[in-house]
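# Fold and contact review
Spelled out from the first residue to the last, the chains are:
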Amino acid sequence: MSAQGPGEGLDAVVVGGGIGGLAAALAVARAGMRVLVLERAERFAEIGAGIQIAPNGLHALDRLGVGDEVRSLAVHMSELRFMDGVTGEHVTSVPLTEGYRRRFGNPYVVVHRAELHAALLAACRSDPAVELRSGCAVAGYENGPATATVRTAAGERLTARMVIGADGLHSAIRRQLVADGEPRISGITVYRAVVPMERVPEAERLLTAVTWWAGPGCHFVHYPIAGGEYLNMAASSADGATEALAGVPASQALVEREMKALGEGAQRLMALGEDWRSWVLVDRAPVPGWTDGRVTLLGDAAHPMLHYAAQGACQSIEDAVVLGDLLEGGDAELPALLTEYNARRRRRTAEIQDVSRLSIGLWHPSGEAAKKRNRALAALSPAQLHDHLAWMHGARYFADTDTAPVRDGAST
């Protein structure tokens, strides 16, 4: 660390010490800049359970210098399994082994969120250009001609050449910059639990797969995490919830009641759950702009999405890489570079926000609509399934020029 005092001579202040904020700090530091990360919690930590990382996310982590570590911690998936949750029929699987890995240049892996966060945090702590400060909530910002200033809740003012708001779904920076009110409530509640793998039936214990059980108005997902020591479970119910809740304890009886439409295969695994917690899913509509002068947003603060495309963390890390590349290679003034970063990321992230919401229609139909879905999925070859994922999983440079054309209905 330099001899300067905390917050002095800063190039960037990153607001938020989660996965996106730490990725942003690493990217800014690799561009030769000094960065301060502010985290409102009393310590840098990540809550939650499993997280899926597709090849595009691993490519981005490689660019930040932590890809090999994450691959070594992760469970490498062999397939994405789609089951009819009512009948127990195995509808189709997306193979994730040889052909997939050759095409997309990386495996598809799952880790515990805390493992990914710890890898990024360790990299930040080992970089002398990164300063970390916890217990520091942010209230807002001010733009100046040559600097931007963060105002903390305690009344402190921290000035740098730029401010990056990576403070998540309820971002204080977004509240001022975009001013679009509260997130929108999806009407879906997800119940999450983690089960020691020794309690799981052998047939499921041996699978290296992300498995979806789709049912009418509900679905259930599970996969191994923590090196295969635990099974991560998430059960989603379109219950019409109208209040945003996070991490609220839920009883086994409630989960069983909400998921009663699913058949024996899914029920057998859900019965293993203990200490269920519930979240009401929320997101925001895509917006064209999330940059104001020397202040910009990143990750969930910029483009929060439902988790159904399993791309939220990947998109945050992609943001960081694109921003870092511009800062490292650009000769323009910072406001222009931040505007360019916004322009390069807007279309791709908006498409994934849209796909994440539209995919509910894949998981939740009933009756003849579910049968029609099953027939359509079963008719696709492995290559065709990979084609459908290529625009997301195959990205290398993470700017809009690296993606497929916008499909009908996607936000622009």
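Scroll up a little and you will see the structure.
The following refers to the structure shown. Computed from a predicted model, the values in this text were never measured in an experiment. (Residues numbered from 1 in each chain as written. Predicted model: local features only at pLDDT ≥ 70, side-chain atom pairs only at ≥ 80, totals over all residues. Heavy atoms only, no water.)

### Notes on the environment of Val94
Among the structural elements, Val94 can be located in strand S6 (residues 90–95). A residue is classified by how much of its surface remains accessible, and Val94, at 10% relative accessible area, is buried. For the pair Val94 and Val210, spaced 116 residues apart in sequence, the C-alpha to C-alpha distance is 9.8 Å. Ignoring any residue separated from it by four or fewer positions in sequence, one finds Val94 in contact with Ser78, Glu79, Leu80, Leu385, His386 and Leu389. (Helix = DSSP H or I, 4+ residues; strand = E, 2+ residues; numbered from the N terminus. Buried < 20%, exposed > 50% of the residue type's maximum accessible area, 1.4 Å probe, protein only. Contact = heavy atoms within 4.5 Å.)

### Some details on the nonpolar core
Proteins that are soluble and globular tend to have nonpolar side chains buried together. Residues Ile53, Leu61, Leu116 and Leu327 are the most contacted members of the largest nonpolar core, which totals 76 residues. Filtering out sequence-adjacent residues up to four positions away, Ile53 remains in contact with Leu58, Leu61, Val70, Pro107, Tyr108, Val109, Val111, Leu116 and Cys314. Grouped together as the second largest cluster of nonpolar side chains are 36 residues, Ala54, Ala234, Ile352 and Ile360 included. (Core = buried A, V, L, I, M, F, W, Y, C linked by side-chain atoms within 4.5 Å.)

### What to know about helix H13 (residues 367–378)
Across its twelve residues, H13 extends 17 Å between first and last C-alpha, which sits within 8% of the 16 Å expected from 1.5 Å per residue. Every buried residue of H13 is accounted for by Ala370, Arg373, Asn374 and Leu377. For H13, the buried positions fall inside an angular range of 100° around the axis, keeping them on one side. Looking at the packing, one finds that the buried side of H13 touches strand S5 (79–84), S6, strand S14 (209–215) and helix H12 (360–363). (Expected span 1.5 Å × (residues − 1). Arc of directions from axis to C-beta.)

### Some details on unusual backbone geometry
Although it is not a glycine, Asp275 adopts a positive phi angle of roughly 55°. Of note, Asp275 is situated in the loop between helix H9 (264–270) and strand S18 (277–283). One non-glycine residue, Phe398, lies in positive phi territory at about 70°. Summarising the element assignment, Phe398 is placed in the segment after helix H14 (382–393). With a relative accessible area of 0%, Phe398 lands in the buried category.

### Examining the pattern of salt bridges
Side chains that differ in sign of charge can pair as their charged atoms come close. Scanning the model with the defined rule gives 22 salt bridges in all. For Arg63, the salt bridge goes to Asp325, with nearest N and O atoms at 2.5 Å. Here the residue Arg63 occupies a position in helix H2 (residues 55–64), and Asp325 occupies one in helix H10 (residues 312–329), the gap between them amounting to 262 residues. With its nearest N and O atoms 3.6 Å apart, the salt bridge here joins Arg151 to Glu142. (Salt bridge = Lys/Arg side-chain N within 4 Å of Asp/Glu carboxyl O.)

### Quick look at the packing of aromatic side chains
With the rule as written, the count across this model stands at four aromatic pairs. Here the aromatic rings of Trp212 and Trp363 are separated by 5.3 Å at their centres, their planes lie at 15°, and the arrangement is stacked. In this pair, Trp212 sits in strand S14 while Trp363 sits in helix H12, placing the two residues 151 residues apart along the sequence. Exposure remark for Trp212: the relative accessible area of 13% places this residue in the buried category. Centroid distance Trp290 to Tyr341: 6.4 Å. Interplanar angle 70°. Geometry classified as edge-to-face. With a gap of 51 residues between them, Trp290 in the loop between S18 and strand S19 (291–292) and Tyr341 in helix H11 (residues 334–358) connect regions that are remote in the sequence. With relative accessibility at 1%, the residue Trp290 sits in the buried group. Taking relative accessible area as the criterion, Tyr341 reaches 0% and is therefore assigned buried. (Phe/Tyr/Trp six-rings, centres within 6.5 Å; stacked < 30°, edge-to-face > 60°.)

### Regarding helix H5 (residues 113–125)
In an α-helix, one full turn covers 3.6 residues, which means residues spaced three or four apart are oriented alike. Between the first and last C-alpha of H5 there are 18 Å, a value that for 13 residues agrees with the 18 Å anticipated at 1.5 Å per step. Among all positions of H5, only Leu116, His117, Ala119, Leu120, Leu121, Ala123 and Cys124 are buried.

### Looking at the sheet that holds S19
Read from one edge of the open sheet, six strands run S8-S2-S1-S12-S20-S19, paired in mixed fashion. The sheet terminates laterally at strand S8 (130–133) and S19, the two strands that pair on one side only. Here three bridges tie strand S12 (residues 162–165) to strand S20 (residues 295–297), and the two strands are oriented parallel to one another. Along S20, the bridge assignment pairs Ile164 with Thr296. In the packing of helix H1 (residues 19–30) onto the sheet, the strands contacted are strand S1 (12–15), strand S2 (35–38), S8 and S12, and the crossing angle to S2 comes to about 175°. (Pairing = 2+ DSSP bridges. Axes fitted to C-alpha atoms, helices over the stretch in contact; angles between N-to-C directions.)

The values reported here are purely geometric and, on their own, carry no functional implication.
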